[in-house]
Amino acid sequence: MPNYFAFTDVGRRYADARPYVHPEIVAHIGDTLGLAAPIARALDAACGTGHSALALRGIAASVVGLDPSAEMLAHAPPASGVSYVRGQAEALPFAD
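Let me sum up the structure you'll find in this document. (Residues numbered from 1 in each chain as written. Predicted model: local features only at pLDDT ≥ 70, side-chain atom pairs only at ≥ 80, totals over all residues. Heavy atoms only, no water.)

## A word on the overall build of the chain
Of regular secondary structure, the chain possesses 4 helices and 3 strands. Reading the chain from its N end, one meets helices and strands in the order α-α-β-α-β-α-β. In terms of overall size, the chain behaves like a compact globule, its C-alpha atoms giving a radius of gyration of 14 Å where 96 residues would be expected to give roughly 12 Å. Projected onto the principal axes, the alpha-carbon positions of the chain cover approximately 45 × 35 × 25 Å. Out of the 96 residues belonging to the chain, those deemed buried represent 31%. Contacts in the chain between residues far apart in sequence, at least 24 positions, make up 44% of those at least 6 positions apart. Summing over all exposed atoms, the chain offers an accessible surface of approximately 6200 Å²; the carbon and sulfur share of this is 59%. With 6 positive and 9 negative side-chain charges, the chain shows a separation of 4 Å between the mean positions of the two kinds. (Helix = DSSP H or I, 4+ residues; strand = E, 2+ residues; numbered from the N terminus. Rg over C-alpha atoms; globule rule 2.2 N^0.38 Å. Buried < 20%, exposed > 50% of the residue type's maximum accessible area, 1.4 Å probe, protein only. Contact = heavy atoms within 4.5 Å. Areas by Shrake-Rupley, 256 points an atom, 1.4 Å probe, with all protein chains shown as cover. Lys, Arg positive; Asp, Glu negative; His and termini not counted. Charge placed at Lys NZ, Arg CZ, Asp CG, Glu CD.)

This is the structure:
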């Protein structure tokens, strides 16, 4: 089965076509959880091109975006407090 997220240019096309509603969703999550202050860390598993990782900075001091596709991560924009790691959610490349 082909990995459609490994094809050249898929990251750019994905990032350009995806509607950016992530900050609204993350704000709703923060409200639902009753967060009075940002949490220390958040993980965005299968982050793609980083839209949710960027939005999670609204409720987390530090965010790691994790994705198995190097092509998708290549189009994830850098941001303060956000880092990106290539890996799979089924085998997190982090210590407990």
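Having seen the model, we can carry on.
## Thoughts on unusual backbone geometry
Its identity is not glycine, yet Ala-46 carries a phi of approximately 65 degrees, on the positive side. By secondary structure assignment, the location of Ala-46 is in the loop between β1 (39-45) and α3 (51-56). On the basis of relative accessibility, which here comes to 59%, the residue Ala-46 falls in the exposed class.

## Here we look at helix α2 (residues 22-33)
Given a rise of 1.5 Å per residue, 12 residues ought to cover 16 Å, and the 16 Å separating the end C-alpha atoms of α2 matches this to within 8%. Residues His-22, Val-26 and Gly-30 constitute the buried set of α2. Taken down its axis, α2 places every buried residue within 75 degrees of arc, on the same side. Among the exposed residues of α2, those pointing more than 90 degrees away from its buried face are Glu-24, His-28, Asp-31 and Thr-32. Of the residues flanking the end of α2, it is Gly-34, one or two places downstream, whose phi is positive at about 70 degrees. (Expected span 1.5 Å × (residues − 1). Arc of directions from axis to C-beta.)

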